[in-house]
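The primary structure of each chain is shown beneath.
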Amino acid sequence: MSFEAFGQPLLTFPDAEKSPLSIRAKALVFVDPRSRQLRQELEQLAPRSISVLIRGETGSGKELLARHIHRASDRGGLFVSVNCGAISPNYADAELFGYAAGSFSGSASSRAGWFGSANGGTLYLDEIGDLPLPIQVKLLAALENHEVTRVGAQQPSPVDVRLVAATSIDLAQAVAAGKFHERLYHYLREGRLELPALRERVGDILSLSEYFLGIYSQRLDLPVPLISEAAQQALERHSWPGNTRELENVIHFALLVSTGDEILPEHLNLPEVPASLVAIERQLKHILSEGTASERAALKQLLKDAALLLL
Ligand SMILES: Nc1ncnc2c1ncn2[C@@H]1O[C@H](COP(=O)(O)OP(=O)(O)OP(=O)(O)O)[C@@H](O)[C@H]1O
Ligand SMILES: [Mg+2]
């Protein structure tokens, strides 16, 4: 299965590309064992026509995964990306499912809507938890019956859409709170993918950094600098609340402010970690990897007690 290039036509909301700096990644950099496992799951899911629900933090690469699923599914239609949070609740029905000519004042012609535009392809619904409940009900019906009724239309029209939805929240909790349609949740759960936060797949950090360095150096026509040992450690230590998008921005800026042929920690502009904490971290790592069984057990107990104290 090839994941090299997209080459697919694409429709997006104008604001779908949140960061104007962001590049459209062509490759999925997945090196950490957890990412490789995810890639396997993705390759198994992609050719099946079931809906997919991707759960992951902001900036972790959910849309990129969705594009790869579309690419690997061999569906000939468009990949249509819609941010549910950006849809006006009053027009959500018409935006998603389209409308018949004359159904609103000023609607002289009909419109297919995002669902119809994805006919034969993949509809990517970002932050699906933001969809109003009545629209969730209509969405489930459209997926189950393979047809949609445009606003103001008398008859439903057949559609063949593969849905890939994404969420950064736990939809099970939204269901429990009565904010998300339970049957839609169970329908989506069938093809569930958990995209771990970047800090949970540390093995990806340096490969992604090098990947972004390569791309931005080429774009800015600069030689590709090396990442110094200390900068590598700083990259691996940071908790990346903004995940891969944050890493991409950090690398882009580091490239712009670095003067020599090496990226140093000060070019990364990451929050400073006190030297004492770094020393403790080194010590802990040493005990965990080299210590005796009893030293490791004592350390684990100590960490547990400390966590209890902090809670
Ligand atoms: N594994 C990866 N390999 C290469 N590039 C990646 C990878 N993961 C994410 N990126 C890049 O990081 C940026 C953020 O990814 P993406 O937009 O897919 O995240 P997201 O989870 O959809 O974000 P949001 O929650 O804000 O919608 C993009 O430029 C994307 O190309
Ligand atoms: Mg996104």
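As a reminder, the structure under discussion sits directly above these lines.
Quick look at the structure, then. (Residues numbered from 1 in each chain as written. Chains lettered and ligands numbered in written order. Predicted model: local features only at pLDDT ≥ 70, side-chain atom pairs only at ≥ 80, totals over all residues. Heavy atoms only, no water.)

### Section: the pairing of strand β4 (residues 122-126)
With respect to burial, β4 is a largely interior element, five of its five residues being buried. The two faces of β4 match: T122, Y124 and D126 on one face and L123 and L125 on the other face are all buried. Pairing of strand β3 (residues 79-83) with β4 involves five bridges; the strand directions are parallel. For F79, the partnering residue across the bridge sits in β4 and is T122. Note that β4 and strand β7 (residues 162-167) share four bridges and pair parallel. Within β7, the position partnered with L125 by the bridge is A165. (Buried < 20%, exposed > 50% of the residue type's maximum accessible area, 1.4 Å probe, protein only. Helix = DSSP H or I, 4+ residues; strand = E, 2+ residues; numbered from the N terminus. Pairing = 2+ DSSP bridges.)

### Describing the environment of Y185
Along the polypeptide, Y185 turns up in helix α7 (residues 182-189). Here Y185 falls in the buried class, since its relative accessible area comes to 10%. Separated by 14 residues in the primary sequence, Y185 and L171 have C-alpha atoms spaced 7.2 Å apart. Contact partners of Y185, with chain neighbours within four places excluded, come to L53, L171, A172, V175 and F180. (Contact = heavy atoms within 4.5 Å.)

### Here's the deal with the layout of surface pockets
Considering only enclosed or pocket space, the second largest pocket measures out at about 310 Å³ in volume. If you go around the second largest pocket, you meet 13 residues; those closest to its centre are A234, R237, P271, E272 and V273. Looking at the lining of the second largest pocket element by element, the count peaks at four residues for helix α9 (residues 229-237). In terms of residue class, the lining of the second largest pocket is built from seven nonpolar, four polar and two charged. (1 Å grid on protein atoms, 1.4 Å probe; cavity = no way out; pocket = protein on both sides within 12 Å on 5 of 7 lines; lining within 4 Å. Points joined across faces, edges and corners; volume = space filled by probe spheres on them. Nonpolar A, V, L, I, M, F, W, Y, C, P; charged D, E, K, R; others polar.)

### A few points about the pairing of β7
The buried fraction of β7 is high, at six of six residues. Burial along β7 is two-sided: the residues R162, V164 and A166 and L163, A165 and T167 are all buried. In terms of strand pairing, strand β2 (residues 52-55) meets β7 through four bridges, oriented parallel. Opposite L53, over in β7, you have A165 as the bridge partner.

### Here we look at the environment of G120
Turning to its location among the elements, G120 is positioned in the loop between α4 (113-117) and β4. For the pair formed by G120 and R162, sequence separation is 42 residues and the distance between their alpha carbons is 7.8 Å. Those residues in contact with G120, other than ones at most four positions away along the chain, are R75, G76, G77 and D160.

### Considering a nonpolar patch on the surface
Taken together, the side chains of L220, L222, F253, L256 and V257 define a hydrophobic patch exposed on the protein surface, amounting to about 410 Å² of accessible area. The dominant element in the nonpolar patch, judged by the number of residues it contributes, is helix α10 (residues 243-257), at three residues. Relative to the elements of secondary structure, L222 occurs in the loop between α8 (205-220) and β9 (226-227). The exposure class assigned to L222 is partly exposed, which follows from its relative accessible area of 36%. (Patch = residues over 30% accessible without salt bridge, like charges linked within 9 Å, V, L, I, M, F, W, Y side chains within 5 Å. Areas by Shrake-Rupley, 256 points an atom, 1.4 Å probe, with all protein chains shown as cover. Salt bridge = Lys/Arg side-chain N within 4 Å of Asp/Glu carboxyl O.)

### Remarks on the packing of aromatic side chains
Throughout the structure, instances matching the rule amount to three aromatic pairs. Look at F97 and F115: their rings are 5.6 Å apart centre to centre, the planes differ by 40°, and that puts the pair in the tilted class. Taken together, the residues span a long stretch of sequence, with F97 in helix α3 (residues 92-97) and F115 in helix α4 at a distance of 18 residues. On the basis of relative accessible area, F115 is assigned to the buried category, the value being 1%. Taken together, a centroid distance of 5.5 Å and an interplanar angle of 55° make the contact between Y211 and F212 tilted. F212 carries the same exposure label as Y211, and that label is buried. (Phe/Tyr/Trp six-rings, centres within 6.5 Å; stacked < 30°, edge-to-face > 60°.)

### Comments concerning the nonpolar core
F115, L123, L125, I128, L131, L139 and F180 are the most contacted members of the largest nonpolar core, which totals 32 residues. Counting residues per element, the ones that place at least two in this core are β3, α3, α4, β4, α5 (133-145), β7, α6 (171-176) and α7. If you look at the next biggest cluster of nonpolar residues, it comprises 22 residues, including Y211, V250, A254 and I263. (Core = buried A, V, L, I, M, F, W, Y, C linked by side-chain atoms within 4.5 Å.)

### Observations concerning α7
For α7, every residue scored as buried is listed here: L184, Y185 and L188. One side of α7 carries all its buried residues, which in axial view fall inside an arc of 100°. (Arc of directions from axis to C-beta.)

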